[in-house]
Amino acid sequence: MFSAFTNSLKIPELRSRIFYTLSLLFVARVGAHIPLPGINPLPLQQFFSQQSGSGSAVLGLYNMFTGGALLQGALFALNIMPYISASIIFQLMTAVVPALSRLQQEGDVGRQKLTQYTRYATLLICLVQGTLLILALENPAKLFQGYDVNTYGAIVVVSKTSFLVTSVILMTAGTMLLMWLGEQITQRGIGNGVSLLITINILSGLPPAAAATYHFFVHPIGTTQQGVGGLPLAVLMVGLFLAVIMGIIMVVQGQRKIPVQYAKRVVGNKVMGGQSSFLPLKVNYSGVMPVIFAVAILMFPQQIFSQVGAAFNLKFLRDFAENLLPGRWLYYTAYATLILFFSYFWVSVMFKPIQIADDLKKYGGYIPGVRPGEPTAQFLDFIMTRLTLAGAIFLTIIAIVPDALSFRLGVPRQIAHFFGGTGMLITVGVILDTMRQVETFLLQRHYDGFLKKGRIRARSANPQQSTTGDALAMDAVMKIVWPLLGMFLLGITIWAFRTFSK
C-alpha cells in the first residue's frame, strides 16, 4: 500500500490532480475559520460545549457537515448543503417534469442546462437560508433553548440592518465558491469534488473527537475521579468501530454476480462467443447518495422551521423543528423512510433493466434459465429490488448507531459520530471512490494498486459526474500549492507560539 502511494507521485498527471485537490480542500478549510464581520462566535461555542444529550443535537449535525464553520460564525457557515438541496430538488423534478426529463436525455447540452438551473436554485436557497440564519442568531435565546444572553453574551455585536445585508451576501458568496471548488476538483482533481468537501468537513472533527475519547476513558493523574466509560465500554467501542467500518466496506463493495452465457456465432471462418461471464449487481447500488439526500431533506426543513420560529417567535414551528432532531421518534421514522425512498429512487433512475436486457439480446447473451427480452428485464428488476431493500436496511442501521451510543450508553455525540452514522458512511464511501480513481491511474501505468489481491471494483458516488477534464500542468499547480503551503506553515507557527508561550 505504501508503494502505491509512492507510485501515485511518479505519474505526472496523477500527481498534478492530487496536489490540485489538496490545495482546493485547504482553501475550503480556511474559509471555514474566517468569521463574518460583526459576529462573536465565542458565546455560541461556550454554550455548545456545555450541552449534552439532546441539547447538543441542536444544529449539531449541520455543524458537523460544515466542518465547524457554523460554530465559528464563518464565511462558509452555509457550506455546500444548499447546493446539495438544490441538486436533490432537480433530481426529483426530472422524474416528474417531462421538460426536465427531456433535458436530461439530451446529452451534455441538456445536463449543462440542468446544472445552470441547479446553480440558480442554490443561489435562491442561500439567500433564504442565510437571511433566516442571521435573524435567528440575532435572537439566540429563541433558537437555542437555555441560551442566556446575560450569561454567554451576544453573538451579533454590530448594527442589525447592515449586518444582515453583508452577512447574507458573504455567506451566499461562500457557498457559491465552494460549489465552484467542488466542480473544479471533479474536473481537474481526483475524486468527486462535492463529496470530498463534505468528507473533509467531517474528518475535521476527528482530532477533537480523539481528545474527547481519551478524556472520556482516562481520568487525570493524581485525582480519584474514574473515567466515565470504563474498560468494558472502551473494548466494546473499539470492536464496534472496527465492525462498523468492515460492514460498510463489505456492503459498499459487495455485489451479486448474475451468470451470463453468450451463444456461439460463426463469423466468416471464425466461431465467436460461447463464453461465460457475469453481470455484477451491487448490493448498495446507490452508494452514499440516499444518506446524503435524506440528511439534506431532514436538515433543510429543520433549519427553516427553527429559524423562522426563532425569527418571528412562533413556538409551534420551534416545537416541530425539535421533533426533527436526533432522539425523537419522528426523526428516526422520517430518516428511515427517506433512506428507503431515495435508495429505490436512485436505482430507478440509474439502473435500466430493459436496456441491459436489450443489450444482452443484441450481443447474443442470455441468463441461464431465463428467456431473453422482457423476462430478463423482469428478472433483473426483481433481483435489484431485493438487493436494494437489503442495502437500504443496512444503511438505516448504520445511520442510527451513533444515536444508540449517545442516548443509550452515554457516549458524547462528538465521539459517537465516528462510530457509524451518516458521517462514517459518507467518509468510507468517498474514500473508496477516490481510491478507485487512483487505482485506475496506477493500473493504466502498469503499477500495482492499493490492493495486490482483489482490485477495488468500479463504483461512483455520483455517476453523472464521473467524467473528468484535463489536469492542469504541474507548474500551474505549484503556483497554487506554494502560497497555500506558506499560509499553512504560518498558521502552524502562530498556533505553536500561542500554545507553548503560555
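Reference entry: report on the structure contained in this document. Everything numeric in this text was worked out from a predicted model, so none of it was measured.

**A closer look at the side chain of Thr427**
Consideration 1: Looking at where Thr427 falls in the secondary structure, it is placed in helix H22 (residues 421–444).
Consideration 2: Ignoring anything within four residues of it in the chain, the contact list for Thr427 reads Thr199, Ile202 and Leu203.

**As for a nonpolar patch on the surface**
Consideration 1: Together, Trp482, Leu485, Phe488, Leu489 and Ile492 give the surface a local cluster of nonpolar side chains, amounting to about 500 Å² of exposed area.
Consideration 2: Examined against the element boundaries, Trp482 turns out to sit in helix H23 (residues 474–500).

**Quick notes on H23**
Consideration 1: Spanning 27 residues, H23 covers 37 Å between terminal C-alpha atoms, matching the ideal 39 Å at 1.5 Å per step.
Consideration 2: Those residues of H23 that fall on the buried side of the exposure criterion are Val477, Met478, Val481 and Leu484.
Consideration 3: For H23, the elements touching its buried residues are helix H2 (12–31).

**A few points about the packing of helix H8 (residues 108–138) against helix H11 (residues 160–188)**
Consideration 1: In the contact formed by H8 and H11, the axes pass within 9 Å of each other and the chain directions differ by 145°. At the point where H8 passes H11, the crossing takes the right-handed sense. Along its contact with H8, which presents Thr115, Arg119, Thr122, Leu123, Cys126, Leu127, Gly130, Thr131, Leu133, Ile134, Leu135 and Glu138, the element H11 presents Lys160, Phe163, Leu164, Ser167, Val168, Met171, Thr172, Thr175, Met176, Met179 and Glu183.
Consideration 2: Each residue belonging to the contact of H8 with H11 can be placed in one class, and the counts come to 12 nonpolar, 7 polar and 4 charged.

Parameters at a glance
- All residue numbers refer to position in the chain's written sequence, counted from 1.
- Where totals are concerned, whole chains, interfaces and linings use all residues; where local detail is concerned, this predicted model gives features only for residues with pLDDT of at least 70, and gives and counts side-chain atom pairs only at 80 or more.
- For the side-chain quantities, the full set of heavy atoms in the structure was used; hydrogens and water were omitted.
- Secondary structure elements follow DSSP: runs of H or I of four or more residues count as helices, runs of E of two or more count as strands, with numbering from the N terminus.
- Two residues qualify as a contact provided that any one of their heavy atoms is within 4.5 Å of a heavy atom in the partner residue.
- Put simply, a patch holds well-exposed residues, over 30% relative accessible area, that have no salt bridge, with like charges counted together within 9 Å and Val, Leu, Ile, Met, Phe, Trp or Tyr side chains within 5 Å.
- Here the open area of atoms and residues is found with the Shrake-Rupley method and a 1.4 Å probe, where only the protein chains shown may cover a residue.
- Note on definitions: salt bridges are taken to be side-chain nitrogens of Lys or Arg within 4 Å of carboxyl oxygens of Asp or Glu.
- Between the first and last residue of a helix there are one fewer steps than residues, each counted as 1.5 Å, and that sum is the expected span.
- For each residue, the accessible area found with a 1.4 Å probe, counting protein chains only, is set against the maximum for its type, and the residue is called buried under 20%, exposed over 50%, and partly exposed in between.
- As a rule, the C-alpha atoms of each element are fitted with a line to give its axis, helices using only the stretch in contact, and angles between N-to-C directions run from 0 to 180 degrees.
- Left-handed describes a crossing in which the near helix is turned anticlockwise from the far one by less than a right angle; the clockwise case is right-handed.
- For this classification, the nonpolar set comprises Ala, Val, Leu, Ile, Met, Phe, Trp, Tyr, Cys and Pro, the charged set comprises Asp, Glu, Lys and Arg, and every other residue, Gly included, is treated as polar.

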